[in-house]
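Here is what each chain is made of, one letter per residue.
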Amino acid sequence: MTRLERALEVVERIIEWVGIVIMVAMLLISIAEIVARDILNAPIAGSLDLTLLIMIWMVLLVSGIGVHSDLHIRVAFFVDTMSAYAQRIIGLIVFVAIFIFGLEMSIQSIPLIKLPGIMPELGLSNGWLFIPLFVSGIATMAAAFERVLRLSLELTKAQDSGKAGDNT
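For every chain, the first residue of its written sequence is number 1, and the numbers climb from 1 along that sequence. Predicted model: local features are reported for residues with pLDDT of at least 70 only, side-chain atom pairs are reported and counted for 80 or more only, and whole-chain, interface and lining totals are derived from all residues. Derived side-chain values reflect all non-hydrogen atoms in the structure, with water molecules and hydrogen atoms excluded from consideration.

**Comments concerning helix α2 (residues 47–66)**
With 20 residues, α2 extends 28 Å between its outermost C-alpha atoms, agreeing within 8% with the 28 Å of an ideal straight helix rising 1.5 Å per residue. Buried, partly exposed and exposed residues are distinguished by accessible area as a fraction of the type maximum, computed with a 1.4 Å probe on protein chains only: under 20%, between the cut-offs, and over 50%, respectively. The helix count covers DSSP runs of H or I at least four residues long, the strand count covers runs of E at least two residues long, and both are numbered beginning at the N terminus. Every buried residue of α2 is listed here: Ser47, Thr51, Leu53, Ile54, Trp57, Met58, Leu60, Leu61, Gly64, Ile65 and Gly66. A helix is expected to span 1.5 Å multiplied by its residue count minus one.

In structure tokens:
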């Protein structure tokens, strides 16, 4: 499992750097638009659409690694009152659900990627809006799968140590 963890960490670092580059690009495009519109009195066609497209890519790509970094939304108060074993079981259920969500996200994005039409200002296919949804779903599934494996191993170890304690 360490290979999977290392691979996910490499992917996470790559996505983080892509996110940084995307943020810088968004900032530069916005500054260029403001200068062109307000100082040069010549707005840049498609700059707002490009900024929105870049923002969609950034949010969805970075959200895909949120599962691996344990940034998903949860209500810990109830779960924290339970035993460690029960917490692992609930964690397992949660990450299986997150895996299914990532799978569904990827599957449902495919018809959206294939939608006809173009973004008029940019001349790009509308599919470019939904490609990050597919990638985010894959990243979500990979991270959730790793967590399911880790929790399953922890549960197995907990059960084995419980059985060993029964024999003494």
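**Comments concerning the packing of helix α1 (residues 2–39) against α2**
With axes taken as lines fitted to C-alpha atoms, and helix axes fitted only over the stretch in contact, angles between N-to-C directions fall between 0 and 180 degrees. At a closest axis distance of 9 Å, the pairing of α1 and α2 adopts a crossing angle of 160°. Judged by the angle between their axes, α1 and α2 are roughly antiparallel. Taken as a pair, α1 and α2 cross one another with a handedness that is left-handed. Residues Glu12, Ile15, Glu16, Val18, Gly19, Ile22, Met23, Ala25, Met26, Ile29, Ser30 and Glu33 of α1 pack against Ser47, Leu50, Thr51, Ile54, Met55, Trp57, Met58, Leu61, Val62 and Ile65 of α2. Here is the rule for angles: anything less than 35 degrees is roughly parallel, anything more than 145 is roughly antiparallel, 65 through 115 is roughly perpendicular, and the remaining ranges are oblique. By convention, the crossing between two helices is left-handed when the near helix turns anticlockwise from the far helix through less than a right angle, and right-handed when the turn is clockwise. The contact definition used throughout considers only heavy atoms, calling two residues in contact when any of these lie within 4.5 Å.

**Focus on the confidence of the model for the protein chain**
Interpretation of this model should avoid reading the predicted coordinates in detail wherever pLDDT is low. In this model, the protein chain carries an average pLDDT of 84, and 91% of its residues clear a pLDDT of 70 or more. pLDDT expresses how confident the predictor is about each individual residue, on a scale running from 0 to 100. Of all secondary-structure elements in the protein chain, the lowest mean pLDDT belongs to helix α3 (residues 76–80), at 76, while helix α4 (residues 84–113) reaches the highest, 91.

**A few points about the nonpolar core**
Note on terminology: a nonpolar core comprises buried Ala, Val, Leu, Ile, Met, Phe, Trp, Tyr and Cys residues joined through side-chain atoms within 4.5 Å. Ile15, Ile22, Met26, Ile29, Leu53, Ile54, Trp57, Met58, Leu61, Ile65 and Met119 form the largest nonpolar core, which has 11 residues in total. Elements with a contribution of two residues or more to this core: α1 and α2. The dominant element in this core, judged by the number of residues it contributes, is α2, at 6 residues. Other than its neighbours up to four places away in sequence, Leu61 contacts Ile15, Val18, Ile22 and Val135. Of all hydrophobic cores here, the second largest spans 9 residues; its members include Leu92, Phe95, Ala144 and Leu151.

**Side note on a nonpolar patch on the surface**
Like-charged residues are merged into a patch within 9 Å and nonpolar side chains (Val, Leu, Ile, Met, Phe, Trp, Tyr) within 5 Å, provided each residue has over 30% relative accessible area and no salt bridge. In these tables, accessible area is a Shrake-Rupley quantity obtained with a 1.4 Å probe, and a residue counts as shielded only by the protein chains included in the view. Salt-bridge detection follows one rule: a side-chain nitrogen of Lys or Arg within 4 Å of a carboxyl oxygen of Asp or Glu. Where nonpolar side chains cluster on the molecular surface, the patch consists of Leu27, Ile31, Val35, Ile39 and Leu40 and spans about 490 Å² of accessible area. Note on placement: Ile39 falls in helix α1. The exposure class assigned to Ile39 is exposed, which follows from its relative accessible area of 64%.

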